[in-house]
Amino acid sequence: MSYEFNREQNEVFIKATHWMKITGVLVLIGCILGFLGALISSDNGALLTNGLNGVVAVFLIRASTAIDRVVNTEGDDMTHMMAALRSLRGYFFIQAASFLYIAGTLVYYILQKQGIA
Amino acid sequence: MVDSEFPSGPDPSSTHEFTPQEKSVVAGLSTAVFIVAGGWTVIATAVLVTGGLLLDTSTFLGGAVLVGGCLMAFPGFFLWRSAFSLKTFLRPQGGEMTHLVTAVGQMGGYFKAALLLSILAVVAGFILGIVGAAHQG
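Residues numbered from 1 in each chain as written. Chains lettered and ligands numbered in written order. Predicted model: local features only at pLDDT ≥ 70, side-chain atom pairs only at ≥ 80, totals over all residues. Heavy atoms only, no water.

## Remarks on the overall build of chain A
When you go through chain A residue by residue, the secondary structure sums to three helices and zero strands. When the helices and strands of chain A are read in sequence order from the N terminus, they spell out α-α-α. Radius of gyration (C-alpha) of chain A: 19 Å, far over the 13 Å computed for a compact globule of 117 residues. Dimensions of chain A, computed from C-alpha atoms along their principal axes, come out at roughly 65 × 35 × 20 Å. Across the 117 residues that make up chain A, the buried fraction comes to 37%. Taking the intrachain contacts of chain A between residues at least 6 apart in sequence as the baseline, contacts between residues at least 24 apart amount to 65%. Carbon and sulfur atoms form 67% of the exposed surface of chain A, whose accessible area is close to 6500 Å². Chain A carries 8 positive and 8 negative side-chain charges, and their two centres are separated by 10 Å. (Helix = DSSP H or I, 4+ residues; strand = E, 2+ residues; numbered from the N terminus. Rg over C-alpha atoms; globule rule 2.2 N^0.38 Å. Buried < 20%, exposed > 50% of the residue type's maximum accessible area, 1.4 Å probe, protein only. Contact = heavy atoms within 4.5 Å. Areas by Shrake-Rupley, 256 points an atom, 1.4 Å probe, with all protein chains shown as cover. Lys, Arg positive; Asp, Glu negative; His and termini not counted. Charge placed at Lys NZ, Arg CZ, Asp CG, Glu CD.)

Shown next, in the form of structure tokens:
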């Protein structure tokens, strides 16, 4: 028989998925508005940023939906949990890549200012 | 099949053997969470240092930036805890489910803190904009 999360564990998931869903929906709304603005102003940089935010929002909404399924269904909890973890991995990978890109750009800018790069 | 109520009482099965593929998903997630947690910590530290430097010029502005830096430490704090739970999950010492649930719970805390921080930043920006406009007008 497959693993089933118990009541206490489900309560932890309910709290976590609540905030994930709100964040995902707000990021999606923001990125749709930003995308429309970027289309009107033909700003390619903003288009790319909002497209990336859209992917982030989709990852978050998919993760929260999968965790909802862990809580509300039975018989396949681990499959849903792994789907949630995969979506969260995608979300955090994009965020980690963004942080590394910003850090790299800052280091390059500082080195250039110092005349090293 | 949909639960009529949360499952309670004895579990249908209280153990799950994680496959290497499942472990690799968690390992990838753990690495990414560690990087993001580090990023938040660096940002919070930079804001705190800026606030400290600004205290010489303006106590109000420096103090506000210092408070902002302290608040920015919260999302990172939740992510560090989540990342360490995922790391512990990957060690073969048992209690994997507990660590996994803790990690997801801490991620929920991170999303809550990051969202509240964003709302606070928007409100603070709005108020500062009004105050700035009033000073110029």
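Picking up where we left off.
## Thoughts on the interface of chain A and chain B
Contacts between the two partners involve 38 residues from chain A and, on the opposite side, 38 residues from chain B. Taken over both partners, the interface formed by chain A and chain B buries close to 3600 Å², and the fraction arising from carbon and sulfur atoms is 77%. On the chain A side of the contact with chain B, A:Tyr3, A:Trp19 and A:Phe92 bury the most area, a combined 18% of that side's loss. Applying the counting criterion to the chain A and chain B interface returns zero salt bridges. When residues of the side of chain A that touches chain B are traced back to their parent elements, those giving at least two are helix H1 (7-41), helix H2 (44-72) and helix H3 (77-113) of chain A. By residue number, the principal contributor to the side of chain A that touches chain B is H3(A), which donates 14 residues. A class-by-class count of the residues in the side of chain A that touches chain B yields 25 nonpolar, eight polar and five charged. (Buried area = accessible area lost by both parts, 1.4 Å probe. Salt bridge = Lys/Arg side-chain N within 4 Å of Asp/Glu carboxyl O. Nonpolar A, V, L, I, M, F, W, Y, C, P; charged D, E, K, R; others polar.)

## Quick word on the packing of aromatic side chains
Counted by the stated rule, this structure contains 13 aromatic pairs over all chains. With centroids separated by 4.9 Å and ring planes inclined at 80°, the aromatic side chains of A:Tyr91 and A:Phe92 adopt a geometry described as edge-to-face. A:Phe92 matches A:Tyr91 in its accessibility class, with the two residues each being buried. Look at B:Phe34 and B:Phe84: their rings are 5.2 Å apart centre to centre, the planes differ by 90°, and that puts the pair in the edge-to-face class. Of this pair, B:Phe34 sits in helix H1 (residues 20-54) while B:Phe84 sits in helix H2 (residues 59-90), placing them 50 residues apart in sequence. The class for B:Phe34 is partly exposed, based on a relative accessible area of 21%. Taken together through their ring pairs, the aromatic side chains of A:Tyr91, A:Phe92, B:Trp40, B:Tyr110 and B:Phe111 make up a single cluster. (Phe/Tyr/Trp six-rings, centres within 6.5 Å; stacked < 30°, edge-to-face > 60°.)

## Overview of the side chain of B:Ser30
All names here are of chain B. By secondary structure assignment, the location of serine 30 is in helix H1. Given a relative accessible area of 0%, serine 30 falls into the buried group. For serine 30, the contacting residues outside a window of four places in its chain are Ala83, Leu86, Lys87 and Leu90.

## Considerations on the confidence of the model for chain B
Residue and element names in this part refer to chain B. Overall, the predicted model of chain B reaches an average pLDDT of 86, with 90% of residues at or above 70. Mean pLDDT across the elements of chain B bottoms out in helix H3 (residues 96-136) (90) and peaks in H1 (93). For the stretch residues 1-12, pLDDT sits under 50, and the model shows 23 contacts to residues farther than four places along the chain or on other chains. With pTM at 0.85, the complex prediction returns an ipTM value of 0.87. (pLDDT = per-residue confidence, 0-100.)

## Digging into H2(B)
When the terminal C-alpha atoms of H2(B) are compared, their 47 Å separation across 32 residues agrees well with the 46 Å that a helix rising 1.5 Å per residue should span. Of the residues making up H2(B), those classed as buried are B:Gly62, B:Val65, B:Gly69, B:Pro75, B:Gly76, B:Leu79, B:Ser82, B:Ala83, B:Ser85, B:Leu86, B:Thr88 and B:Phe89. The inward-facing, buried residues of H2(B) abut H3 of chain A together with H1 and H3 of chain B. (Expected span 1.5 Å × (residues − 1).)

## Notes on unusual backbone geometry
With the exception of glycine, most residues fall at negative phi, and the peptide bonds are largely trans. Residue and element names in this part refer to chain A. With a phi close to 55°, serine 42 is a non-glycine residue in the positive phi region. Topologically, serine 42 is positioned in the loop between H1 and H2. Taking relative accessible area as the criterion, serine 42 reaches 57% and is therefore assigned exposed.

## Considerations on the pattern of salt bridges
Note that side chains of opposite charge can pair when their charged atoms are close. Following the criterion strictly, the structure yields three salt bridges over all chains and no others. Close ionic contact of A:Asp68 with A:Lys21 constitutes a salt bridge, the shortest N to O distance being 2.6 Å. With A:Asp68 in helix H2 and A:Lys21 in helix H1, this residue pair connects regions lying 47 residues apart in the sequence. The partly exposed category is assigned to A:Lys21, whose relative accessible area is 34%. Of the charged contacts in the structure, one is a salt bridge between B:Lys23 and B:Glu96, with a shortest N-O distance of 2.9 Å.

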